[in-house]
Amino acid sequence: MLLETLDLRTNDILIYSQNVFNFNDSFKIIYKNQKLKRPQRISYFDVCSFVKDPSPKNLIIYRLLTNVNNLDAYSTKYGYFIKINGKIELIYFDPIFAIKDLRHLRFDLDSERFRFKIQQTGLTSLTKKEPEPGFAEVYNFDLKATEAQTQNDKIFADAIFAFDENFVDEELIPESNSKNSIKANNELENDPRINIRKISEDKNTSAKELKAPSAQDIGNVQDLREEIIDLLKQALGINETHSNKLANKNNSNINIDRQPEADKKGDVRSTEVNNLFDLFKSTNKSDELSFREKDSVVLKFD
């Protein structure tokens, strides 16, 4: 994933992840207004807090589609719910989180017949103010098998700070973090439905057969998200008090100007957003994005 806040007066941030199934070590945050910019660790749960915050931002996330009818999105363990183009969707911060979630999503289908897509999706905040932050979809394309396996969104941060003399590509690791690293349990690596190394492409399946998990009649999405996060913390044995302290510390750092230039002009996104997504396309070797958007890639497990 990549998250970049837009036009905040203080504490503009950039968060990226590295497609590692680890709730503490995969995610990095860079405070763009610091004199010396360098990545620092941030937990999965603190990333969730930044995503749901209503400050204007760009996001790159991942969408899962499968050939399972009426797949229950609410059975997710590693997914997250956000509003895209007016509808609540289940999304993932990294391809590996989508793969690992297949063990927990409730469906009945033989693994040999199971087919799926993972789409990289670019989003930008809508200017309309609602209790639930909304995003407009800027682009999406299907990941190839090798991309799903090796995608590392650090490449976006590398490109954004490539010519910044004040950026140091050396992680700052506080002593408390190194001693209290949150690590996910080893999740049945021999299960064919969750082994990211055994993915290949299927040329014989129609893309029309694949659908996103159903998230209809969601009710209170905020309560559902908190319930999922609480259950995940319990499963990982995370100390709630310690986690709350981290979240409060990070949230206090978001001194938000909620009226960026894009809002004042009535535009959906600022000029910077368009330039930023152009950068994403070239950095991800997707200059011909329109072609990639039409190029359907269906995946299977070997």
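These lines cover the structure that appears in this document, whether it is placed above or below.

Helix and strand counts for the chain stand at 10 helices and 11 strands. Here the chain holds 302 residues, and 54% of them are scored as buried. Of the contacts formed within the chain by residues at least 6 apart in sequence, a portion of 75% connects residues at least 24 apart.

As a packed pair, helix 1 (residues 44-52) and helix 6 (residues 221-236) sit with axes 11 Å apart at the nearest point and diverge in direction by 170°. Between helix 1 and helix 6, the interaxial angle falls into the category roughly antiparallel. Where helix 1 abuts helix 6, its residues Tyr44, Phe45, Cys48 and Lys52 lie against Arg225, Glu226, Ile229, Leu232, Lys233 and Leu236. A per-class count over the contact of helix 1 with helix 6 returns six nonpolar, no polar and four charged.

The tally for this structure, following the rule as stated, stands at 11 salt bridges. Where aspartate 25 meets arginine 41, a salt bridge forms, and the shortest distance between an N and an O atom there is 3.1 Å. With aspartate 25 in the loop between strand 2 (13-17) and strand 3 (27-31) and arginine 41 in strand 4 (residues 40-41), this pair connects stretches of sequence that are 16 residues apart. Notably, a salt bridge pairs aspartate 169 with lysine 154, separated by 3.0 Å at the nearest N-O pair. Of this pair, aspartate 169 sits in the loop between helix 4 (154-160) and helix 5 (175-179) while lysine 154 sits in helix 4, and the two are 15 residues apart along the sequence. On the basis of relative accessible area, aspartate 169 is assigned to the partly exposed category, the value being 48%. Three or more residues are tied together by salt bridges with common partners; here these are Arg63, Glu89 and Glu137.

Attention now moves to unusual backbone geometry. Located in the positive-phi region is asparagine 19, a residue other than glycine, with phi close to 60°. By secondary structure assignment, the location of asparagine 19 is in the loop between strand 2 and strand 3. If you check the backbone angles, asparagine 85 has positive phi at about 50° while not being a glycine. Residue position: asparagine 85 is located in the loop between strand 6 (80-84) and strand 7 (87-91).

Calculation notes
In this convention, every chain numbers its residues from 1, walking through the sequence in written order. Thresholds applied to this predicted model are a pLDDT of at least 70 for local features of residues and 80 or more for the giving and counting of side-chain atom pairs; totals over whole chains, interfaces and linings are not thresholded and use all residues. The side-chain quantities take in all heavy atoms of the structure and omit both hydrogens and water. Numbering goes from the N terminus for both helices and strands, where a helix is a DSSP run of H or I of at least four residues and a strand is a run of E of at least two. Partly exposed describes any residue whose relative accessible area lies between the buried limit of under 20% and the exposed limit of over 50%, with all areas from a 1.4 Å probe on protein chains only and scaled to the type maximum. We call two residues in contact when some of their heavy atoms are within 4.5 Å. For helices, the fitted line uses only the C-alpha atoms of the stretch in contact; every axis is such a line through C-alpha atoms, and the angle between N-to-C directions lies from 0 to 180 degrees. Under this scheme an angle from 65 to 115 degrees is roughly perpendicular, one under 35 degrees roughly parallel, and one over 145 degrees roughly antiparallel; angles in between are oblique. Ten residues, namely Ala, Val, Leu, Ile, Met, Phe, Trp, Tyr, Cys and Pro, are considered nonpolar, four, namely Asp, Glu, Lys and Arg, are considered charged, and the remaining ones, Gly among them, are considered polar. Should a side-chain nitrogen of Lys or Arg be within 4 Å of a carboxyl oxygen of Asp or Glu, the pair is scored as a salt bridge.

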